[in-house]
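Tertiary structure, described
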Amino acid sequence: MGTKNAKSIKKPKFNVYTIEVCPSCNFKTKRPFESGDYVFQESAECSHCKKAKGRIEMIYAEPIKKPQ
């Protein structure tokens, strides 16, 4: 019986991003995820219209692509 060594199992690596949307002008911003982020959290002032604070709409991960 063959057993797999923990070092031989490859885990996929991901970059995690946060999408913020301004409720006033609908401007979307993609930035790296920061610890403490959660969906519907109020974030910084909109850098586009400066009228409202953005809200986190989505948090997602993209696989890291290997260089070819």
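Preceding this section is the structure that the text describes.
With that settled, the discussion passes to the sheet that holds strand 4 (residues 53-63). Taking strand neighbours across the sheet as the criterion, the four strands line up as 2-1-4-3 in an open arrangement whose pairing is antiparallel. Of all the strands in the sheet, the pair left with one neighbour each is strand 2 (28-32) and strand 3 (42-45). Sheet twist, expressed as the mean angle between neighbouring strand axes with direction ignored, is 40°. Relative to strand 2, strand 1 (residues 14-21) is paired through five bridges, and the arrangement is antiparallel. Paired with V21 across the strands is K28, a residue of strand 2.

To continue, consider the pattern of salt bridges. If you walk through the whole model with that rule in mind, you get five salt bridges. Across the pair R31 and E34 runs a salt bridge, and its minimum N-O distance is 3.8 Å. On the basis of relative accessibility, which here comes to 15%, the residue R31 falls in the buried class. Residue E34 is classed as partly exposed on the basis of its relative accessible area of 46%. One network of salt bridges, with partners in common, ties together E20, R31, E34 and D37.

Right, let's get into the packing of aromatic side chains. Inspection of every chain in the model, using the stated rule, returns one aromatic pair. Relative to Y60, the ring of Y17 lies with its centre 6.0 Å away and its plane at 40°, an arrangement referred to as tilted. Placement of the pair is Y17 in strand 1 and Y60 in strand 4, with a sequence separation of 43 residues. Take Y17: its relative accessible area is 18%, and that puts it in the buried class. The ring of Y17 has K30 lying over it, and the distance from NZ or CZ to the ring centre is 4.3 Å.

What counts and what doesn't
Residues numbered from 1 in each chain as written. Predicted model: local features only at pLDDT ≥ 70, side-chain atom pairs only at ≥ 80, totals over all residues. Heavy atoms only, no water. Pairing = 2+ DSSP bridges. Helix = DSSP H or I, 4+ residues; strand = E, 2+ residues; numbered from the N terminus. Axes fitted to C-alpha atoms, helices over the stretch in contact; angles between N-to-C directions. Salt bridge = Lys/Arg side-chain N within 4 Å of Asp/Glu carboxyl O. Buried < 20%, exposed > 50% of the residue type's maximum accessible area, 1.4 Å probe, protein only. Phe/Tyr/Trp six-rings, centres within 6.5 Å; stacked < 30°, edge-to-face > 60°. Lys NZ or Arg CZ within 6 Å of the ring centre and 35° of its normal.

Everything listed is a geometric property; what it means functionally is a separate question.
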